[in-house]
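Take a look at the letters that make up each chain.
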Amino acid sequence: MATTVNIIVGSHVWVEDRDTAWVDGEVTKVNGEKIEVQTTSGKKVVANLSNVYPKDTEAPPAGVDDMTKLSYLHEPGVLQNLATRYELNEIYTYTGNILIAVNPFRRLPHLYDTHMMEQYKGATFGELSPHVFAVADAAYRAMINEGKSNSILVSGESGAGKTETTKMLMRYLAYMGGRAATEGRTVEQQVLESNPVLEAFGNAKTVRNNNSSRFGKFVELQFDKTGRISGAAVRTYLLERSRVCQLSDPERNYHCFYLLCAAPPEDIKRYKLGNPKSFHYLNQTNCYELDGVSDAEEYLNTRKAMDIVGISPEEQDSIFRVVAAILHLGNINFTKGKEVDSSMPKDDKSRFHLEMAAELLMCNVQGLENALCKRVMVTREETIIKSLDPDAATTNRDALAKTIYSRMFDWIVEKINNSIGQDPDSKNLIGVLDIYGFESFKANSFEQFCINFTNEKLQQHFNQHVFKMEQEEYTKEEINWSYIEFVDNQDVLDLIEKKPGGIIALLDEACMFPKSTHETFTQKLYQTFNNHKRFSKPKLSRTDFTIVHYAGLFPPLPEESSKSSKFSSIGTRFKQQLQSLMETLSSTEPHYIRCVKPNNILKPAIFENQNVIQQLRCGGVLEAIRISCAGYPTRRTFDEFLDRFGLLAPEVLEGNYDEMTACEKLLEKKGLKGFQIGKTKVFLRAGQMAELDARRAEVISNAAKVIQRQIRTYIARKEFVALRKAATHLQTLWRGKLARKLYEEIKREAAAIKIQKNVRGYHARKTYTKLRLSAIVVQAALRAMAARNEFRFRKQTKAAIIIQAQWRGHRSYSYYKSMKRAGLSVQCAWRSKVARKELRKLKMAARETGALKEAKDKLEKKVEELTWRLQLEKRLRTDLEEAKAQDIAKLQLSLQAMQVQLDEANATLVKEREAARKAIEDAPPVIKEMPVVVVDTEKVDLLTNENEELKTLLKSQEKRADEAERKCAEVQELSEERLKKMEEAESKIDQLQESFQRLEEKLSNLESENQVLRQQALVMSPTKGLSGRSKTAVIQDLQSPVPALKDAAEAEQRPQKALNDRQQENQDALIKCIMQDIGFSGGRPVAASIIYKSLFHWRSFEAERTNVFDRIIQIIGSAIETQENNDVLAYWLSNTSTLLLLLQRTLKASGAAGMTPQRRRSSSATLFGRMAQGFRTSPSGTGLSFSNGGMIGGLDALRQIEAKYPALLFKQQLTAYVEKIYGMIRDNLKKEISPLLGLCIQAPRTSRASLVRGSARSHANAAAQQALIGHWQSIVKSLSNFLKTLRANYVPPFLVRKVYTQIFSFINVQLFNSLLLRRECCSFSNGEYVKAGLAELEHWCYEATEEYVGTAWDELKHIRQAVGFLVIHQKPKKSLDEITHDLCPVLSIQQLYRISTMYWDDKYGTHSVAPDVIASMRVLMTEDSNNALSNSFLLDDDSSIPFSVDDISKSMNQIDLSEIEPPPLIRQNSAFNFLLPRAE
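Notes on the structure follow. (Residues numbered from 1 in each chain as written. Predicted model: local features only at pLDDT ≥ 70, side-chain atom pairs only at ≥ 80, totals over all residues. Heavy atoms only, no water.)

Across its full length, the chain carries 45 helices and 28 strands. The buried share of the chain, taken over its 1480 residues, is 45%. Residue pairs at least 24 apart in sequence account for 73% of intrachain contacts in the chain once pairs closer than 6 positions are excluded. When the accessible surface of the chain is totalled, it reaches about 79,200 Å², and 53% of it is carbon and sulfur. (Helix = DSSP H or I, 4+ residues; strand = E, 2+ residues; numbered from the N terminus. Buried < 20%, exposed > 50% of the residue type's maximum accessible area, 1.4 Å probe, protein only. Contact = heavy atoms within 4.5 Å. Areas by Shrake-Rupley, 256 points an atom, 1.4 Å probe, with all protein chains shown as cover.)

Mapping S1081 onto the fold places it in strand β25 (residues 1080-1081). Assessed through its relative accessible area of 18%, S1081 is described here as buried. Apart from the residues lying within four places of it in its own chain, the contact partners of S1081 are V1086, I1460 and E1461.

Right, let's talk about a negative patch on the surface for a bit. On the surface, E958, D962, E963 and E965 cluster together to form a negatively charged patch. Relative to the elements of secondary structure, E958 occurs in helix α27 (residues 940-1038). The exposure class assigned to E958 is partly exposed, which follows from its relative accessible area of 39%. (Patch = residues over 30% accessible without salt bridge, like charges linked within 9 Å, V, L, I, M, F, W, Y side chains within 5 Å. Salt bridge = Lys/Arg side-chain N within 4 Å of Asp/Glu carboxyl O. Lys, Arg positive; Asp, Glu negative; His and termini not counted. Charge placed at Lys NZ, Arg CZ, Asp CG, Glu CD.)

What follows concerns the environment of F683. Mapped onto the elements of the fold, F683 is located in strand β24 (residues 681-684). For F683, a relative accessible area of 0% corresponds to the buried category. In sequence terms F683 and E477 are 206 residues apart; their C-alpha atoms lie 9.5 Å from each other. Discounting chain neighbours no more than four positions away, the residues touching F683 are E473, Y474, E477, I479, Y632, T634, R635, F675, Q676 and G678.

Of all the five residues making up strand β7 (residues 98-102), five are buried; the element is thus mostly covered by neighbouring parts of the structure. Burial of the side chains of β7 extends over both faces: I98, I100 and V102 are buried on one face and L99 and A101 on the other. Bridge count for strand β6 (residues 92-95) against β7 is four bridges, and the pairing is antiparallel. Paired with Y92 across the two strands is A101, which belongs to β7. Here β6 folds back onto β7, and the loop between the two strands holds two residues, one of which, G96, carries a positive phi near 70°. Pairing geometry for β7 and strand β21 (residues 589-596), over five bridges, is parallel. The residue of β21 that forms the bridge with I98 is Y592. (Pairing = 2+ DSSP bridges.)

Helix-helix packing is characterised by the crossing angle of the two axes and by the distance between the axes. It is the contact of helix α16 (residues 503-511) with helix α17 (residues 518-528), at a shortest axis distance of 10 Å, that shows an interaxial angle of 140°. Here α16 lies oblique to α17, going by the angle between them. Judged by the sense of rotation from one axis to the other, the crossing of α16 with α17 is right-handed. In this structure, α16 uses I503, L506, L507 and A510 to contact α17, whose residues at the interface are F521, K524, L525 and T528. Classifying every residue of the contact of α16 with α17 gives six nonpolar, one polar and one charged. (Axes fitted to C-alpha atoms, helices over the stretch in contact; angles between N-to-C directions. Parallel < 35°, antiparallel > 145°, perpendicular 65-115°, else oblique. Left-handed = near helix turned anticlockwise from the far one by under 90°. Nonpolar A, V, L, I, M, F, W, Y, C, P; charged D, E, K, R; others polar.)

Our focus in this paragraph is the nonpolar core. Core analysis: the largest hydrophobic core is formed by 228 residues, its most contacted members being F201, F257 and Y1300. If one sorts the elements of this core by residue count, helix α37 (residues 1293-1317) sits on top with 15 residues. Those residues in contact with Y1300 that lie beyond four places of it in its chain are L1229, L1279, F1282, L1283, L1286, W1340, Y1348 and A1352. Counting residues in hydrophobic clusters, the runner-up holds 39 residues, among them Y237, F462, A510 and Y592. (Core = buried A, V, L, I, M, F, W, Y, C linked by side-chain atoms within 4.5 Å.)

What follows concerns helix α1 (residues 75-87). For α1, built from 13 residues, the straight-helix expectation of 18 Å at 1.5 Å per residue is met to within 8% by its first-to-last C-alpha distance of 18 Å. All buried positions along α1 are accounted for by E75, P76, G77, V78, L79, N81, L82, A83, T84, R85 and Y86. (Expected span 1.5 Å × (residues − 1).)

Further remarks concern the packing of helix α31 (residues 1126-1146) against helix α34 (residues 1205-1240). Orientation of α31 relative to α34, taken along the N-to-C sense of each, is 150°, at an axis distance of 9 Å. In terms of crossing hand, the pair formed by α31 and α34 is left-handed. For the pair α31 and α34, contact is made by N1126, L1129, A1130, W1132, L1133, T1136, S1137, L1139, L1140, L1143 and Q1144 and by F1210, K1211, L1214, T1215, V1218, I1221, Y1222, M1224, I1225 and N1228, respectively. In terms of residue class, the contact of α31 with α34 is built from 14 nonpolar, six polar and one charged.

On to the pattern of salt bridges, then. Side chains bearing opposite charge may pair, as long as their charged atoms lie close to each other. Under the defined criterion, the tally for this structure stands at 28 salt bridges. With a closest N to O distance of 2.8 Å, E90 and R1394 form a salt bridge. Taken together, the residues E90 in the loop between α1 and β6 and R1394 in helix α41 (residues 1389-1398) connect sequence positions 1304 residues apart. On the basis of relative accessible area, R1394 is assigned to the buried category, the value being 8%. The closest approach of N and O atoms between R141 and D137, which form a salt bridge, is 3.5 Å. Pair noted here: R141 and D137 are both in helix α3 (residues 132-146), with a separation of four residues, about one helical turn. Look at the salt bridges and you will find they share partners, linking R214, E240, R243 and E251 into a network.

A cluster of nonpolar side chains, contributed by I707, I711, Y714 and I715, occupies part of the molecular surface with about 410 Å² of accessible area. Tracing the backbone shows I715 in helix α24 (residues 688-848).

What follows covers unusual backbone geometry. Here the phi dihedral of R1099 falls at roughly 60°; this positive angle occurs in a residue that is not glycine. Tracing the backbone shows R1099 in the loop between α29 (1086-1097) and α30 (1108-1119). A positive phi angle, close to 70°, is found at T1345, a residue other than glycine. In this fold, T1345 is placed in helix α38 (residues 1324-1349). Residue classification places T1345 among the partly exposed positions, given a relative accessible area of 35%.

Take the environment of A262 next. Among the structural elements, A262 can be located in the loop between α7 (255-261) and α8 (265-271). Linking A262 and L300, residues 38 residues apart in sequence, is a C-alpha distance of 9.9 Å. Setting aside anything within four residues of it in sequence, one finds A262 in contact with D295 and A296.

Moving on: the sheet that holds strand β17 (residues 428-436). Sheet architecture is open: seven strands sit in the order β6-β7-β21-β8-β17-β11-β12, paired in mixed fashion. Looking at the sheet topology across the chains shown, the edges are occupied by β6 and β12 (229-237). Mean inter-strand twist for the sheet, computed between neighbouring axes without regard to direction, equals 20°. One ladder, built from seven bridges, connects strand β11 (residues 216-223) with β17; its direction is antiparallel. Paired with E220 across the strands is G431, a residue of β17. Relative to strand β8 (residues 150-156), α3 is tilted by about 155°, and along the sheet it contacts β6, β7, β8, β11, β17 and β21. Helix α4 (residues 162-177) rests against β8, β11, β12, β17 and β21 of the sheet, and its axis sits at about 170° to β17.

Inspection of every chain in the model, using the stated rule, returns 26 aromatic pairs. Seen from their ring centres, F1080 and Y1290 are 5.1 Å apart, and the 55° between their planes marks the pair as tilted. Highlighted residues: F1080 in strand β25 and Y1290 in the loop between α36 (1270-1288) and α37, separated in sequence by 210 residues. An angle of 75° between the planes, with centres 6.2 Å apart, marks the rings of F1294 and F1443 as edge-to-face. Of this pair, F1294 sits in helix α37 while F1443 sits in the loop between α43 (1428-1431) and α44 (1445-1451), and the two are 149 residues apart along the sequence. Assigned by exposure class, F1294 and F1443 land together as buried. Ring pairs connect the aromatic residues Y1092, F1096, F1101, F1109 and F1210, which therefore count as one cluster. Looking at K55, its charged tip hangs above the ring of W14, at a distance of 5.5 Å from the centre. Taking the ring centre of Y258 as reference, the NZ or CZ of R252 above it sits at 3.9 Å. (Phe/Tyr/Trp six-rings, centres within 6.5 Å; stacked < 30°, edge-to-face > 60°. Lys NZ or Arg CZ within 6 Å of the ring centre and 35° of its normal.)

Printed below as a string of structure tokens:
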């Protein structure tokens, strides 16, 4: 596969390495056929040009999920891809349709849960990430679609995970084809439950695996015509019998031996067992226990598993007796007997084990001893008995033990098959082959020889299948492939199995001769196959030989102690089994899974290159690559090819060519030969990809040199400009310094002149100032003396004036005070007089409050009188209904009159309150100023005397005023007490009114019950009449006729039957009406309105028994049978939700429904109960119902009805139909957009050739860009059409919001899961495409308004954040904290890890997040690896009903049904006049 061309200096290549198998590096020197490589590990390696492989530097950092997509399909490329994916926990990888599974040595429950199986169900193979479920689904789909049996071949060395992979396959096939359990267990459950039994007796610890299967297993799952599992069978091949007797350290024997030694004490005592170290078949190694495994617990689990698969306790006891007998057989040692070449048990211990083995096997002790120590040869003439020496007896003992164990194992398998049961009528099956892989040791037993022979056969089958797949690929692409060579290994198979000259045939022949030995047998092989290229003889050995298999050399066969007939029996039997297996596989369509063990220490996160590469060779993966390389190993779609190599011929891209022509012209221009152009891909021969990459690297290198030249020119010019600018700047600074120095000198001269001027001026100003200050001092002294004299004169004058003013003021103030006291005395006297007059009026008003009490007593007497009257009317109700109505009318008038009187009393009380309040306000004294005219100053003395008299009078009047105020306060307190009593009386009146209303409601309930009883009487009346007639007829036959009884029965039957018939006719009319689409009125559903009004008017909600509800439910059920008609579903969703809202706000479940008749009759015995009943039964009381179609306001004005059981059942059924119709509408929309979502997650591929410049392609480019968003627009169109349908049928906005919330959640789940499962979707350009589509959805949400969409846009948070993460730039600079808290707070660590590892930039070539961030994510995932829920990175779709009846009731507005016009079909029916709108 290596290439010897196009390796130049700078090329990246792979070279062989002793430690890591292959190491990458860069070529630093090319010297003919030798090259020097600088490896990434720092070493310099000189290698032969023919032993290096080119490395793809543009390979995705996370690897590829299908290795046929590798640019270079060779051994190091495959190894690097597997290692890269394994580091990212991507354990599955495709090679075409072959699945490679690398054992993670840890549990990954999120990869195998039910949700993951749902994702792969029906998915096209290769569409999602590689998975074992994808292989199982492909096999199941091929069986269903093509009607042909399929097989899945799981191979790998011990510890590679074959058994676990087989279990996963069985789980998925059981998930797809499982059926209901028969007698508690299904077929697939029984198959899975048989694994513990087979593992106990067929598995053992080896060097490479603690639970290695030492037999091949082919599980057949049989399917019926419908694709359901109908039967199963387990076929086993070549149990490793030699392990029973021979072990190598540190391996163990089969598990069952150790389990039995750890059994409960009673079992150990029964079988005479002990410590495993005491048995020869177990103590050949030092390993007796497994880490973390309890043999005692496993023994009990095995017993339970045997119970489950149908092995009875007696049969179990027989099985373990045989196991114990084999252990005892191993402890029988032999010594020489009395005769020559004879043998016998060595000692008493051996004799004890012989007896125990005979007892457990239920045979004669002497017979068992003779069978071990002697050989019987039967000829035609006589029977010859020959004694065996101790060595031969020991060999005979081991052969017996192996034969017994093998037969027991076959019996257990047969028992399991009988328990599971096979389907003889099954035509199709899926077989799962769990078989050992190619293994090579220094010393190989005959079983190992057969194992590798099996793998040689399977490899031939595998090669043929791979070559067939290659042919199908070439045929599909319509290319010429007739000259492709096919690598075949038939010569190896002929060497082993050909008759009469094959190895097995020669072995059988040698075993027929008594004198044959290993040496004679190998000499025969040397002579026969001396010149065979697949056979060789090791040096210095006379009994060994080597066979060259497809995977390498098969080391020598070990010597046996003696010749034995086992070779013939085992070899012949094995060939027959293998031939049967190959015939079964040839009749099925094969699928391959190659399991790989990444390391020998069985630890996670360790990838050993040497170990893996050896397994790839042994597993045939590299052989498949060789077959691919023999044809066209490199395949690229046209757009990918042009994207990568278009720069080699830019003129081809600029030309007006389609993609196929452009690819062909590009290859022809480069002079390549032997390539093929298919329908969608370019097929290149081995080495051509490297040649194109070398030319591409050369073009890129030349372009880089041009760029470097331009950059260096730019840098040099930049340095020159900077230097010139620096010189100019230096000159500027020096010239500035000189100018500043000259300026400083000029400045100093000017400063000196200015200083001189200022000093002279200072002296002159100082002399002037001194002279001026002296003059000012003299002037100030003279002026101060004159001012002090003037101040003294003015001060004396002001003091005299103040004295005069004080005296005059005192005199006037004294006179004013005396006059004021006289005026106050007069005013107090007058006000006292007025207060006494008001006090007398208040006393009069207090006497009148007694009238209220008398009115109250009269009112109570009238109430008692009304009570008595109502009781009298109750007794006479049946005979005097009309009189009762008149009396009730009178009572109403009396009640109104009493109400008027009560209002008048209240008004009088209010007036009294106001009068009392005014009196209180007028009580405090107010001083009124009296004009006082002073006539003469001589009368001052006289007025003084009079003032004294007035003071004494005023004091006496003040005392009287105080007494008046105290009495007024007492009167006011008394008035307030009476006001409180009046308020209490008013509250009691209100309570009486409330009690009256409650009693009226109870009265209405009793009336409804009375109506129901009447209806029941009408329903029962025909039966009564019939029974009456039959009874009368019998009496007429036997005795004399009784015409009076007959007439009475007929008279009773007629009106009841007529009423019953009328009700039935009304119901028929209603049902006939609602069967039609009667539309909407003012945005309200007419059908729901007339159903509710009719049921309310007929009192059907209060009926104990009626069939109208069942008939309505049947109409709704028949109308929605057509689930695809969304218009009909929306119509009935609107009607049922509206009707449910009306029932929710009207009906109520009450304990009164279960009351006895006596209890219900007693409820109207009270006063207000009888009054309310009278109002209900009177003609004027019908205004409270739906008479004339009147409904008082909205629903809040309606009273609640205590519904009976049929009405409550109808409400529950209606609730169920609302939820069902809602779910049907939601699921219909999901079905419509599901196919579009698969197209929306990945952008349509457009090549660079289809997006070139030029006016000729402008229209085509515009159309292509429009097509990119077409699928999203189809989804938007579907959402709009659904919204239009829902709005046209007036579906409540609350339900519409719920629908679109769940639909957007479904879109989020589907897009996000597809993004995580398909690596090609995690690209930069695809993120832009999905982001543009999400913008279309956001725009639609804005146009649809929040009323109908609500918060549906928020449901897309996962896909929005994931897409936003894909399209951000500079991902390597983002820390884990920024990603988890700022960019993607909703996404889990597992989801972010998967997106980060799968991301690839197909537009700008940027990288994903930094390696340390990936490592941190992996650490967090490892810490939480035991939590299955947190490990699951996929989302679940919630299909539950997201609302309740209370939610609907709270979210919907009131519905006014008063103005809804009934349909013409019932408008003309007089029985439905109550539906007509009420005239004003």
